[in-house]
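One letter stands for each residue in the lines below.
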Amino acid sequence: MSRALDTVAAWVLGALWIAPLVYALWAAVHPEAYAARFDLAAPLTFENFARAWAQAPFPRYILNTFVLVTAILAAQLVLCTLAAYGFARFAFPGRDTLFMLVLVQLMIVPEVLIVENYATMARLGLVDTILGIGLPYMASAFGIFLLRQTFKSIPKELDDAARIEGCGALGLLARVYVPLARPTLVAYALVSISHHWNNFLWPLIVTNSPEVRPITVGLAIFGAPESGVSWPLVSAATLISVTPLLLAFLIFQRQFVQSFLHAGIK
Amino acid sequence: MRIRDWATGYLLILPAAAVLAAFTHLPIVRTVRDSLFSRGSAIRPARFVGLDNFEALAADPVFWKVLGNNLAFALGTVPASIALALAMALLVDRKLKGQGVLRLAYFLPTMLPMIAAANLWLFFYTPDIGLLDQILGRFGLPGRNWLGDPATVLPCLMTMTVWKEAGFFMIFYLAALQTQPPELKEAARLEGAGRWVYFRRVLFPMLMPTTMFVLINAVLNAFKLVDHLFVLTKGGPNNASNLLLYYIFEHAFAFNDLPAAAALTAVLLALLAGLAVTQFALLDRRVHYR
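What counts, and where the lines are drawn
- Along each chain, numbering runs from 1 in the same order as the chain's sequence is written.
- For this description, chains carry letters from A and ligands carry numbers from 1, given in the order in which they are written.
- Local features in this predicted model are restricted to residues whose pLDDT is 70 or higher, and side-chain atom pairs enter the listing and the counts only when it is 80 or higher, whereas totals over whole chains, interfaces and linings include all residues.
- Values reported for side chains reflect all heavy atoms of the structure, with hydrogen atoms and water molecules removed beforehand.
- Counting from the N terminus, the helices are DSSP H or I runs at least four residues long and the strands are E runs at least two residues long.
- We compute the radius of gyration over the C-alpha atoms and compare it with the globule rule, which gives 2.2 Å times the number of residues raised to the power 0.38.
- Each residue's exposure class comes from its accessible area (1.4 Å probe, protein chains only) as a fraction of the maximum for that residue type: buried when under 20%, exposed when over 50%, partly exposed otherwise.
- Only the protein chains shown count as cover for residues, with accessible areas throughout obtained via the Shrake-Rupley method and a probe of 1.4 Å.
- The charge count includes Lys and Arg as positive and Asp and Glu as negative, but it does not include His or the ends of the chains.
- Charge positions come from single atoms, namely NZ of Lys, CZ of Arg, CG of Asp or CD of Glu.
- By convention a nonpolar core is built from buried Ala, Val, Leu, Ile, Met, Phe, Trp, Tyr and Cys residues, the set being connected through side-chain atoms within 4.5 Å.
- When checking whether two residues touch, look at their non-hydrogen atoms; a contact exists if any pair is within 4.5 Å.
- For the domain bounds, the source is a domain assignment made automatically or taken from a database.
- Throughout, buried area stands for the accessible area (probe radius 1.4 Å) lost by two parts on being put together, summed over both.
- As used in this structure description, the phrase polar contact means that two N or O atoms lie within 3.5 Å; if the pair is within protein, one of them must be able to donate a hydrogen and the other to accept it, and residues adjacent in sequence are counted only when both atoms belong to side chains.
- In this classification, Asp, Glu, Lys and Arg are treated as charged, Ala, Val, Leu, Ile, Met, Phe, Trp, Tyr, Cys and Pro as nonpolar, and every other residue, Gly included, as polar.
- Only centres within 6.5 Å qualify two rings of Phe, Tyr or Trp (six-membered ring in Trp) as a pair; their planes then separate them into stacked at under 30 degrees, edge-to-face at over 60, and tilted for everything else.
- The criterion for a charge sitting over a ring is simple: Lys NZ or Arg CZ within 6 Å of the ring centre, and within 35 degrees of the ring normal.
- What counts as a salt bridge is simple: a side-chain nitrogen of Lys or Arg found within 4 Å of a carboxyl oxygen of Asp or Glu.
- Residue count minus one, scaled by 1.5 Å, sets the expected span of a helix.

**Brief notes about the overall build of chain B**
Scanning chain B from N- to C-terminus turns up 13 helices and 0 strands. Taken over C-alpha atoms, the radius of gyration comes to 24 Å for chain B, far larger than the 19 Å a tight globule of 290 residues would show. Reported as C-alpha extents along the three principal axes, the dimensions of chain B are approximately 80 × 75 × 30 Å. Within chain B, buried positions represent 50% of all 290 residues. Element-wise, carbon and sulfur atoms account for 67% of the exposed surface of chain B, whose accessible area totals about 13,900 Å². In chain B, 25 positive and 17 negative side-chain charges are present, and the distance between their average locations comes to 7 Å.

**Details of the nonpolar core**
Within the largest apolar cluster, 191 residues are counted, with the highest numbers of intra-cluster contacts made by F58, I144 and F151 of chain A together with Y106 and M170 of chain B. Leaving out residues up to four positions away in the same chain, F151 of chain A has contacts with T81, A84, Y85, A88, R89, L173, Y177 and A181 of chain A.

**Regarding the domain arrangement of chain A**
Residues and elements named next belong to chain A. Along its sequence, chain A is carved into domain 1 (1-45) and domain 2 (58-265). Centre-to-centre separation of domain 1 and domain 2, based on C-alpha positions: 34 Å. Listed as interface residues are 9 residues of domain 1 and, on the opposing side, 6 residues of domain 2. Of the roughly 600 Å² buried at the junction of domain 1 and domain 2 (both faces included), carbon and sulfur atoms supply 80%. Our enumeration of links across domain 1 and domain 2 arrives at 0 residue pairs in polar contact (both at pLDDT 80 or more). Looking at side-chain class alone, the side of domain 1 that touches domain 2 contains 7 nonpolar, 1 polar and 1 charged residues.

**Focus: the packing of aromatic side chains**
The geometry of two aromatic rings is summed up by the distance between their centres and the angle between their planes. By the definition in use, this model includes 37 aromatic pairs over all chains. Ring centres of Y23 of chain A and W231 of chain A lie 6.3 Å apart, and the angle between their planes is 20 degrees; this geometry places the pair in the stacked category. With a gap of 208 residues between them, Y23 of chain A in helix 1 (residues 2-28) and W231 of chain A in helix 13 (residues 231-251) connect regions that are remote in the sequence. With relative accessibility at 11%, the residue W231 of chain A sits in the buried group. With a centroid separation of 6.2 Å and 35 degrees between ring planes, the pair formed by F46 of chain A and F49 of chain A is classed as tilted. Aromatic rings pair up to connect F249, F256 and F260 of chain A together with F107, F168, F169, F172 and F213 of chain B into one cluster. Positioned above the aromatic ring of F99 of chain A, the side-chain terminus of R148 of chain A is 4.0 Å from the ring centre.

**Considerations on the pattern of salt bridges**
In the structure shown here, the tally under the stated rule is 5 salt bridges over all chains. Linking D96 of chain A and R95 of chain A is a salt bridge whose minimum nitrogen-to-oxygen distance equals 3.9 Å. In this structure D96 of chain A comes out as exposed when scored by relative accessible area, which is 56%. Put simply, R144 of chain B and D149 of chain B hold a salt bridge, and the shortest N to O gap is 2.9 Å. A relative accessible area of 22% places D149 of chain B in the partly exposed class.

**A closer look at helix 5 (residues 114-125) of chain B**
With 12 residues, helix 5 of chain B extends 16 Å between its outermost C-alpha atoms, agreeing within 8% with the 16 Å of an ideal straight helix rising 1.5 Å per residue. Turning to helix 5 of chain B, its buried residues are M114, I115, A116, A117, A118, N119, L120, W121, L122, F123, F124 and Y125 of chain B. Contacts made by the buried residues of helix 5 of chain B are with helix 1, helix 12 (215-223) and helix 13 of chain A together with helix 6 (131-138), helix 7 (150-178) and helix 11 (227-232) of chain B.

**Comments concerning the interface of chain A and chain B**
Each side of the interface is counted separately: chain A has 84 residues, and chain B has 83 residues. Each partner contributes to the roughly 7,500 Å² buried at the junction of chain A and chain B, and carbon and sulfur atoms together form 78% of this total. Per-residue buried area on chain A facing chain B is highest for W17, M107 and E116 of chain A; these three make up 11% of the total on that side. Run the count over chain A and chain B and you get 1 salt bridge. If you look at where chain A meets chain B, you find 9 residue pairs in polar contact (both at pLDDT 80 or more). With 16 residues, the top contributor of residues to the side of chain A that touches chain B is helix 1 of chain A. Across the side of chain A that touches chain B, the residue classes break down as 64 nonpolar, 14 polar and 6 charged.

Rendered as structure tokens:
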């Protein structure tokens, strides 16, 4: 009896949770007259997608986001791997203090420092550039922490064996540590991609032209109530914006969820 | 050899340390400095004013309102998200038809940008033609301006936030549930413990480390995520839904009042530092369960 009740509860909750997305899909594929009228005989149309696509440079926004996410990830992988390796395997004065300073960024995330970081970007002449959006995130305390844990778990005997064969510090990193840390690197990459694909506040502040705007900022401008776009168009634009990441997630669902877990449980 | 180890270590951390220093540590120091100076202009440079900016904040009723909103927002979203996440995990942990589909349905909002989520929910809350008013209309109830009414605007934002983040926290509970030894449940059953007693006395304490982790993340989110305000309310009506980070944004980029923005940021930094200390204290306790 209670099992049946649980099942009903699970499905009701599931229906409730997916409803907003289903509803957006409904609005996007029907003419505006049916936006709030649920009639199964309503005619289907893809015109909302076509019009949204034509009214704002969505392909450009998506390309910008793609470049941004790739640049951030590439820099993060290099910087975090190097730093994590340094913290995990080399003894130098002040190491623990420096590591504690790195961890500060876990709590004081770049979003909180928008005012000062904007001033810095203005001084560097990086306002309204993709580099300007990405730079504050390129060294990630979270990535360093995660990789340091992984590197520390790699047996030191592997080091010695490679060292005897004449491997330098960087050769060791490339041939022993990075290959063994692959699962962690993949997990971190997926978390980073989903985070930065969806990031909004800082990109909004530091960009002001369509040539550099990422998709989240483009969508917010397109859907702003002041711009007076109709509901089906906003729905279509929203679906266009979320499709790339959602598609990647649906295909690699297990890997994504495993990554979030891996990254969260540490 | 040791000196070479030192040099290699420093060189390896140097690039990341430089970026972190430039965009985390230096800005923190600058924020504190700027919060102690007056607004400068071309003819009058900024001068040291001590705690004047903070006194001005303390005298600003909107600041207290925004701070109160943020605390209410945290109190309204954090426990609800955690409870729902746990409920979801318990519901889909056992074998049932469509388990995969249900997990997906719970988790999907997590993968959307907050901006997209806000776009979807905007139409629910629109007066008269919005979904919420239409459903109420079916039952002959009057509609209302959900986002335009100070009494309902914050709960509306909280509901959306809970919808957005519960599924994310669910996966941590699911992972934790999978590590629970099945003998425990068996033993509790043999002792005649009901479902609720088992949950309260055995399962929930066992899940405490997960709850702590989720709790810290949820609280952090309540203070750093304000994207939805840009679409749904712009902090209105009359600051009824304004949150600290959005208020900082307004001061810096709309009112052009940088000293106030610095002082507000310093307050937020202090709150986050407090959260970090709490996390440390909680992590120490977590050891007991290992």
